[in-house]
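Next come the chains, spelled out residue by residue.
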Amino acid sequence: MSIPTGKLVIIGGAVDLGTNISALENIKQPDHLRFFEHGILKRIITESATENPVVEVVTTASQIPELVGTEYIKAFSQLDVENVNVLDIRSREDAANPDYLARIKKADVVMFTGGDQLRLSSIFGGTEFLFILKDRYLHDHLLVAGTSAGAAAASANMIYRGQSNEAMIKGEVQITAGLGFIDSVIIDTHFVQRGRIGRLFYAVASNPGILGIGLGEDAGLLITEGKTMEAIGSGLTIVVEGRDIIETNIYNVEMGTPVSVENLKVHVMSIYDKFDLQQHKLFINKTAKVLNNHALNIPDNNY
């Protein structure tokens, strides 16, 4: 992929409202936008190309798009961002709507919400909608953001299924093509809280050429020029490298058998750390300070 002019923000999310809702979850008072309290949403607006950005929220992944869309409008309005619209796209036919295509040509920020990432890939894959977005991301100052499923689908390859407790069993993790805003990485979300480290290990072991990114809740990455990742938000981000794997039995064992890997490399990123995707090098920010459990915005400019 060419060096993109636009920016990409991927967010681990908090409660993934709209997916696997149980009777124990309080839908009337959703906290799936909890990460906004830690400045990720504000950072998205700051990084957009204009002071008064046009924001389009894509609720396709969610099973309850009306509620999710309303919550995003409320969250943006708290930052005095008023030009916020919802693209309620539920089918490939909807994605071809000329009005929607015109709107994404004018948007400054396009935000994909959480839900089911397979809905995103199956509805947008091969459409003019996705072509316009990717073209603008490459050649225009468009900011594309995704939380939870929206983040998982951002890469060229995405995990769409895999039980967390069985992820190092051969065949349990299933991968398909994502939306393709970034190459050579694979992204998993709700990473710490749902114990998904095993399935990210498996994804990287199955193709050591890709970089595994595990986003905890309240964690995000700002990716600029397609090569520099900066940790934003208060949560934990894990980066898994497989290029130095010495040995694995993943190609020898039968389906349903545990997989072993030797010399898998893991990095831990916290707020304002940066990772160079070309050098595969982590630059740790040494100047951030914490006040009342919130990291102060004191980025290290030595990168």
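Since we're looking at a predicted model, the values are computed, not measured.

Visitor: What's the story with the sheet that holds strand β12 (residues 237–241) in this structure? I'm lost.
Guide: Strands belonging to one sheet form pairs held by backbone hydrogen bonds; the direction of such a pair is parallel or antiparallel. An order of β8-β9-β12-β15 is seen for the four strands of this open sheet, with the pairing classed as mixed. Every interior strand has two partners, whereas the edge strands, β8 (185–188) and β15 (265–269), have only one. In this sheet, neighbouring strand axes are inclined to one another by 20° on average, regardless of whether the strands run parallel or antiparallel. Bridge count between strand β9 (residues 211–215) and β12: four bridges; the pairing is antiparallel. In the strand pairing of β12, L215 is matched with T237. Across the sheet, helix α8 (residues 197–206) is in contact with β8, β9, β12 and β15; its angle to β9 comes to roughly 165°.

Visitor: Please explain the pairing of strand β11 (residues 228–233) as it appears in this structure.
Guide: Of all six residues in β11, six are buried; the element is thus mostly enclosed. Between the end of strand β10 (residues 219–224) and the start of β11, which pair antiparallel, lie three residues, with E225 showing a positive phi angle near 55°. As judged from the three bridges shared by β11 and strand β16 (residues 274–276), these two strands associate in the antiparallel manner. The residue of β16 that forms the bridge with E230 is K274.

Visitor: Which parts of the structure should I look at to understand the pairing of strand β2 (residues 55–58)?
Guide: Every other side chain in a regular strand lies on the same face of the sheet, so the side chains alternate between the two faces. Here β2 shows two buried faces, one formed by V55 and V57 and the other by E56 and V58. One ladder, built from four bridges, connects β2 with strand β3 (residues 84–87); its direction is parallel. Its bridge partner lying in β3, E56 is registered against N85. With helix α2 (residues 65–77) bridging β2 and its parallel neighbour β3, the resulting β-α-β unit is right-handed. Alignment of β2 against strand β4 (residues 109–112), held across four bridges, turns out to be parallel. Across the sheet, residue V55 finds its bridge partner in β4, namely V109.

Visitor: Teacher, can you tell me more about the nonpolar core here?
Guide: Taken as a class, soluble globular proteins show a tendency for nonpolar side chains to be buried jointly. The biggest cluster of nonpolar side chains holds 45 residues, and the ones touching the most others in it are I10, F112, F124 and F129. A total of five residues in this core trace back to one element, the largest contributor, which is helix α6 (residues 128–139). Ignoring any residue separated from it by four or fewer positions in sequence, one finds I10 in contact with G146, A151, A154, I187, I213, L215, A219, G220, L221 and I223. Core analysis: the next-biggest nonpolar cluster, separate from the first, contains 20 residues, I40, V68, V109 and A145 among them.

Visitor: Looking at this model, I keep getting lost on the packing of aromatic side chains. Mind explaining?
Guide: On inspection of all chains with the given rule, the structure shows three aromatic pairs. Relative to F129, the ring of F124 has its centre 4.8 Å away and its plane inclined at 25°; by these criteria the two rings are stacked. On the accessibility criterion, F129 (0% relative accessible area) is buried. Both rings, one in Y137 and one in F181, keep their centres 5.7 Å apart while their planes meet at 90°; by these two values the pair is edge-to-face. Here Y137, found in helix α6, pairs with F181, found in the loop between β7 (174–177) and β8; they are 44 residues apart in sequence, far enough to count as distant. Neither Y137 nor F181 differs from the other in exposure class; each is buried. Pairwise contacts between aromatic rings join F112, F124 and F129 into one cluster. Above the face of the F283 ring, K281 is positioned so that its terminal group lies 5.5 Å from the ring centre.

So, how was this worked out
- Residues numbered from 1 in each chain as written.
- Predicted model: local features only at pLDDT ≥ 70, side-chain atom pairs only at ≥ 80, totals over all residues.
- Heavy atoms only, no water.
- Pairing = 2+ DSSP bridges.
- Helix = DSSP H or I, 4+ residues; strand = E, 2+ residues; numbered from the N terminus.
- Axes fitted to C-alpha atoms, helices over the stretch in contact; angles between N-to-C directions.
- Contact = heavy atoms within 4.5 Å.
- Buried < 20%, exposed > 50% of the residue type's maximum accessible area, 1.4 Å probe, protein only.
- Right-handed = clockwise from strand over helix to strand, strands pointing away.
- Core = buried A, V, L, I, M, F, W, Y, C linked by side-chain atoms within 4.5 Å.
- Phe/Tyr/Trp six-rings, centres within 6.5 Å; stacked < 30°, edge-to-face > 60°.
- Lys NZ or Arg CZ within 6 Å of the ring centre and 35° of its normal.

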